[in-house]
Amino acid sequence: MKTSRTIGIGILGFGTVGQGVWKHLTEKKSDLESRLGVKLDLRKVAVRNLKKKREVKISSAKLTPNPFEVIDDPKVHVVCELIGGTTKARECTLRALRQGKVVVSANKALLCEHGPEIFQAVRQHGGQFLFEASVAGGIPIIKAIREGLAANHFELIVGILNGTCNHILTRMGEDGLSFADALKEAQELGYAEADPTLDVDGIDAWHKASILAWLAHGKWAPRNRTLVEGIRNIGPADIDFARRFGFALKHLAVIRRNFEKDWMTVGVYPALVPNGDILARVSGVNNGITLRGDVVGATTLAGRGAGQDATASAVIGDIIDAIASLTGSARQGLSLDDLQAREKQGQKIRMAELDEIVSPFYLRLSLLDKAGVSEGVYRIFTKHKVSIARVIQYEHPNQGRGTVTLSTYPVSERKMGAVLAELRRLKTVLEEPFLLRIFSPES
Ligand code: NDP
Ligand code: HSE
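Residues numbered from 1 in each chain as written. Chains lettered and ligands numbered in written order. Predicted model: local features only at pLDDT ≥ 70, side-chain atom pairs only at ≥ 80, totals over all residues. Heavy atoms only, no water.

### Some words on the overall build of the protein chain
Definition in use: In this description a helix means any DSSP run of H or I spanning at least four residues, a strand means any run of E spanning at least two, and both kinds are numbered starting from the N terminus. In this treatment the radius of gyration is a C-alpha quantity, and the globule benchmark scales as 2.2 Å times the residue count to the 0.38 power. Any residue under 20% of the maximum accessible area for its type is buried, any over 50% is exposed, and the rest in between are partly exposed; the area is computed with a 1.4 Å probe on protein chains only. Residues count as neighbours in contact if any of their non-hydrogen atoms are within 4.5 Å of one another. For accessible areas, the Shrake-Rupley method is used with a probe of radius 1.4 Å. Any residue's cover is judged against the shown protein chains and nothing else. The charge count treats Lys and Arg as positive and Asp and Glu as negative. His and the chain ends do not count. To locate a charge, take NZ of a lysine, CZ of an arginine, CG of an aspartate or CD of a glutamate.
The helix and strand inventory of the protein chain stands at 15 helices and 19 strands. Taking 2.2 N^0.38 as the reference for a compact globule, 443 residues should give roughly 22 Å; the C-alpha atoms of the protein chain span a radius of gyration of 24 Å, in line with that estimate. Taking the principal axes of the C-alpha coordinates as reference, the protein chain spans close to 85 × 50 × 35 Å. Scored against the burial criterion, the 443 residues of the protein chain give a buried share of 55%. Across the protein chain, the fraction of contacts at a sequence separation of at least 24, relative to all contacts at a separation of at least 6, is 73%. If you sum the accessible surface of the protein chain, you get close to 19,600 Å²; carbon and sulfur atoms cover 50% of it. In the protein chain, 60 positive and 49 negative side-chain charges are present, and the distance between their average locations comes to 3 Å.

### Focus: the domain arrangement of the protein chain
In many analyses, interface size is given as the accessible surface area lost on bringing the parts together. Basically, it comes down to this: The source of the domain bounds is an automatic or database domain assignment. Buried area, as used here, totals the accessible surface that two parts lose on assembly, with accessibility defined by a 1.4 Å probe and the loss added over both. Whenever Lys or Arg places a side-chain nitrogen within 4 Å of a carboxyl oxygen from Asp or Glu, that contact is recorded as a salt bridge. N or O atoms within 3.5 Å of each other form a polar contact, as long as, within protein, one can give a hydrogen and the other can take it, and as long as residues adjacent in sequence are counted only when both atoms are side-chain atoms.
For the protein chain, the domain assignment lists domain 1 (6–137 + 309–347), domain 2 (150–305) and domain 3 (355–438). For domain 2 versus domain 3, the distance between C-alpha centres works out to 24 Å. Taken together, the contacts link 20 residues of domain 2 with 17 residues of domain 3. Both faces combined, the contact of domain 2 with domain 3 buries some 1,600 Å², and carbon together with sulfur accounts for 66% of it. On inspection of domain 2 and its partner domain 3, the count reaches two salt bridges. Two residues, R437 and E229, come together in a salt bridge whose shortest N-O distance is 3.2 Å. Here domain 2 is connected to domain 3 by seven residue pairs in polar contact (both at pLDDT 80 or more). Where the side of domain 2 that touches domain 3 is concerned, the elements lending two or more residues are α11 (236–244), β9 (247–258) and β10 (263–274). Ranked by residue count, the leading element in the side of domain 2 that touches domain 3 is β10, at six residues.

### Overview of the nonpolar core
Operational definition: Note on terminology: a nonpolar core comprises buried Ala, Val, Leu, Ile, Met, Phe, Trp, Tyr and Cys residues joined through side-chain atoms within 4.5 Å.
In terms of nonpolar packing, the biggest core is built from 58 residues, with F129, F131, I141, L212 and L291 touching the most fellow members. When residues in this core are grouped by element, the largest group, 10 residues, is from helix α10 (residues 203–217). The residue makeup of this core includes at least three contributed by each of domain 1 (6–137 + 309–347) and domain 2 (150–305). What I141 contacts, discounting residues up to four positions off in sequence, is E132, V135, A136, L212, I289, L291 and L301.

### What about the packing of α10 against helix α13 (residues 336–346)?
Quick note on the threshold: All axes here are fitted lines through C-alpha atoms, helices being fitted over the stretch that makes contact, and every angle between N-to-C directions spans 0 to 180 degrees. Small angles under 35 degrees read as roughly parallel and large ones over 145 as roughly antiparallel, with 65 to 115 read as roughly perpendicular and the rest as oblique. Here the term charged refers only to Asp, Glu, Lys and Arg, the term nonpolar to Ala, Val, Leu, Ile, Met, Phe, Trp, Tyr, Cys and Pro, and the term polar to all other amino acids, Gly among them.
Here α10 crosses α13 at 95°, and the two axes come no closer than 8 Å. Taken together, α10 and α13 sit at an angle that is classed as roughly perpendicular. Seen from α10, the contacting residues are W214, L215, A216 and H217; seen from α13, they are L339, R342, E343 and G346. Grouping the amino acids of the contact of α10 with α13 by side-chain chemistry returns four nonpolar, two polar and two charged.

### Describing the pairing of strand β2 (residues 39–46)
Along a regular strand, successive side chains alternate from one face of the sheet to the other. We count it as follows: Each pair of strands is called paired provided DSSP finds at least two bridges between the two strands.
For strand β1 (residues 6–12) and β2, the ladder comprises seven bridges, and the chain directions are parallel. Looking across to β2, one finds that I7 is bridged to L40.

### Structural notes on the side chain of E413
Following the sequence through the fold, E413 ends up in helix α15 (residues 413–425). On the accessibility criterion, E413 (12% relative accessible area) is buried. Once you skip the residues sitting within four places of it in the chain, E413 turns out to touch L227, L354, I357, F361 and R437.

### Here's the deal with the site of ligand 2
The condition that has to hold: When at least one non-hydrogen atom of a residue lies within 4 Å of a molecule or strand, that residue is treated as near it.
Near ligand 2 there are 13 residues, and of these K108, T164, Y191, E193 and D199 occur at the shortest range. Between a nitrogen atom of ligand 2 and a side-chain N or O atom of E193, the distance comes to 2.7 Å. Interatomic distance of 2.8 Å between a side-chain N/O atom of K208 and an oxygen atom of ligand 2. For ligand 2, the protein covers 94% of the area, taking 250 Å² as the surface of the free molecule. Mapped by element, the contributors of at least two residues to the shell around ligand 2 are α7 (163–175) and α10.

### Quick notes on the sheet that holds β1
Backbone hydrogen bonds hold the strands of a sheet together, and the pairing may be parallel or antiparallel. Sheet architecture is open: six strands sit in the order β3-β2-β1-β4-β5-β6, paired in parallel fashion. Looking along the sheet, the strands with just one partner apiece sit at the ends: β3 (63–64) and β6 (128–130). With two bridges joining them, β2 and β3 adopt parallel strand pairing. Across the sheet, V45 pairs through a bridge with L63, a residue of β3.

### A word on the pairing of β10
Along β10, 11 of the 12 residues are buried, which leaves the element largely enclosed by surrounding structure. From the end of β9 to the start of β10, which pair antiparallel, there are four residues, and D262 there has a positive phi angle of about 60°. Where β10 meets strand β13 (residues 350–351), two bridges bridge the pair, whose relative direction is parallel. Of the residues in β13, the one forming a bridge with W263 is R350. Sheet topology note: the β10/strand β19 (residues 434–438) ladder contains two bridges and is parallel. By the bridge assignment for β19, A271 is matched with R437.

Spelled out as structure tokens, the structure:
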């Protein structure tokens, strides 16, 4: 290892994550220098607004409004992209990679939507793109798949991948907060995206699930072949049903791979998780991921999935790896070439059809309060051979309507979709039916 080399680090963005990275890198500078045998030069930070007040102190001389000033600085070897979004961030990432630099990124939207272009630039110019912070905050899930669990094929990867959604569902379920108040709290704590609709509508979890599917199976999960649902419509009756019947309400990302039939399915949606499942106990901002590998069996990783310090931990882990490889002491994992080979195999995988995606369901219906209405509903279930497991009826005296919540035995998405389509046409169904999947590792 060369001992006298100076490694220059540039940071794009000084928001929640950028400030965390700066704070911890500054605190640990001398420790890291002696461990890595280099001098660290925290050179420059790009921000949008030079006048903004920041919690973490930084000399104004270090700040610039121009990200290119950071990227193009010949003394910057590692560029941390912590701006977010897919426009400026894409431009900056490609600019740095085309100069053969290392880019460390927390940007799952960018990777999910422009992954092939980014890796093409890495291959062409010999830089690196490291993205541990893009999935599950402080949990080293990318490293786990690329290194520790590299011996496995994964038939199931299921996880809670959005800290904001998990925080909201926990606060609603355990503390009775409203959706709006719980979201506001998540924003104040620095968990939410700049545009929080990405969190609550499931898009952020899709970005992360797509990255995991690509890592594990070599295939990106396109938006139009992924079931993407958020948590906006969860209400008190759903929370009550979950509590009474031994479930936790979680926003899940589920990646299943059928190796015999060569299909893959990716879905992100709120689901009822049996209390006995380890993921049911992952609460608050925490994320949890269970990987079922053919060699290791089921392995679960859990920890803080969002927020300043957890994310900084992942970014700094990547910076350390980058320095190790720049100084010739890189550790061996699944390399970009390995991932490219995996991508070739991934070309033969198809996305599963709706008949092949099976689970038990939960349904909440708002029904006209009149004799015979329930029979009309149940007839539709019988017609499509969907068996009902449990039912609760709530009366709303003098309102002319009632709420029915029910669960089914396992059935395909296609059959349940047909039931829903018919229910929507009934005049006695007063609101859009609300559907959740009940998670079961077996279906
Ligand atoms: P913030 O919105 O808190 O910070 C974004 C930063 O980028 C701000 O400092 C902003 O400047 C700066 N910025 C934005 N546009 C420009 C531009 N054109 N030029 C220069 N600077 C710019 O976001 P986060 O820190 O929360 O997130 C950053 C990234 O990390 C995102 O990709 C996010 O998805 C990801 N991430 C976030 C996690 C979290 O818990 N927050 C966890 C894991 C990943 P200014 O301050 O002047 O406005
Ligand atoms: N907004 C994201 C979340 C940040 O809440 O999970 C971490 O990726």
